[in-house]
Amino acid sequence: MSDKPVSDLVRQGWEIAGYCATDASGTAYQHSVLLRRSGEHKIVVLRKKIIGDGVVVDSELDL
């Protein structure tokens, strides 16, 4: 995925159904995005890169 993983998934037909941000043990925020498409759901967890700009996908869970 690129530095804009949620945008890439929306272009593939996924719709954002929910979002939350949590403090990951005081080091950085993790952003969780709930996506849905044709009865399917997935959660994508993003965090800021440790070195450099942008974000990385920390995990992706199909529900």
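Nothing here was measured: the structure is a model prediction, and the numbers come from that model. (Residues numbered from 1 in each chain as written. Predicted model: local features only at pLDDT ≥ 70, side-chain atom pairs only at ≥ 80, totals over all residues. Heavy atoms only, no water.)

> Looking at this structure, how should I read the overall build of the chain?
In terms of regular secondary structure, the chain is built from 1 helix and 4 strands. Reading the chain from its N end, one meets helices and strands in the order α-β-β-β-β. Reported as C-alpha extents along the three principal axes, the dimensions of the chain are approximately 35 × 20 × 15 Å. Within the chain, the proportion of its 63 residues that are buried is 21%. (Helix = DSSP H or I, 4+ residues; strand = E, 2+ residues; numbered from the N terminus. Buried < 20%, exposed > 50% of the residue type's maximum accessible area, 1.4 Å probe, protein only.)

> How do you make sense of the nonpolar core when you look at a structure like this?
Soluble globular proteins tend to bury their nonpolar side chains together. Grouped together as the largest cluster of nonpolar side chains are 7 residues: Val6, Leu9, Trp14, Val33, Leu35, Val44 and Leu46. At the level of secondary structure, the elements contributing two or more residues to this core comprise helix H1 (5-11), strand E2 (28-37) and strand E3 (40-48). When sequence neighbours within four positions are dropped, the list of residues in contact with Val44 reads Leu9, His31, Ser32, Val33, Leu35, Val57, Ser59 and Glu60. (Core = buried A, V, L, I, M, F, W, Y, C linked by side-chain atoms within 4.5 Å. Contact = heavy atoms within 4.5 Å.)

> What am I meant to see in the pairing of E3 here?
It is a general feature of regular strands that their side chains alternate between the two faces of the sheet. Sheet analysis places E2 next to E3, joined by 8 bridges and oriented antiparallel. Following the sheet pairing, Gln30 is matched in E3 by Arg47. Between the end of E2 and the start of E3, which pair antiparallel, lie 2 residues, with Ser38 showing a positive phi angle near 45°. Pairing geometry for E3 and strand E4 (residues 55-62), over 7 bridges, is antiparallel. (Pairing = 2+ DSSP bridges.)

> Where do I start with the pattern of salt bridges in this structure?
When the charged atoms of two side chains with opposite charge come close together, those side chains can pair. Summed over all chains, the structure comprises 6 salt bridges. Arg47 is the partner of Asp58 in a salt bridge, and the nearest nitrogen-oxygen pair spans 3.2 Å. One end of the pair, Asp58, is in strand E4; the other, Arg47, is in strand E3, and 11 residues separate them in sequence. For Asp58, a relative accessible area of 37% gives the class partly exposed. Put simply, Lys42, Glu60 and Asp62 are held in one network by salt bridges that share partners. (Salt bridge = Lys/Arg side-chain N within 4 Å of Asp/Glu carboxyl O.)

> Where do I start with the environment of Val45 in this structure?
As for its placement among the helices and strands, Val45 is situated in strand E3. Assessed through its relative accessible area of 12%, Val45 is described here as buried. The spatial distance from the C-alpha of Val45 to the C-alpha of Gln30 is 6.5 Å, given a sequence separation of 15 residues. Non-local contacts of Val45, meaning those with residues more than four positions away in its chain, are made with Gln30, His31, Ser32, Val56, Val57, Asp58 and Ser59.

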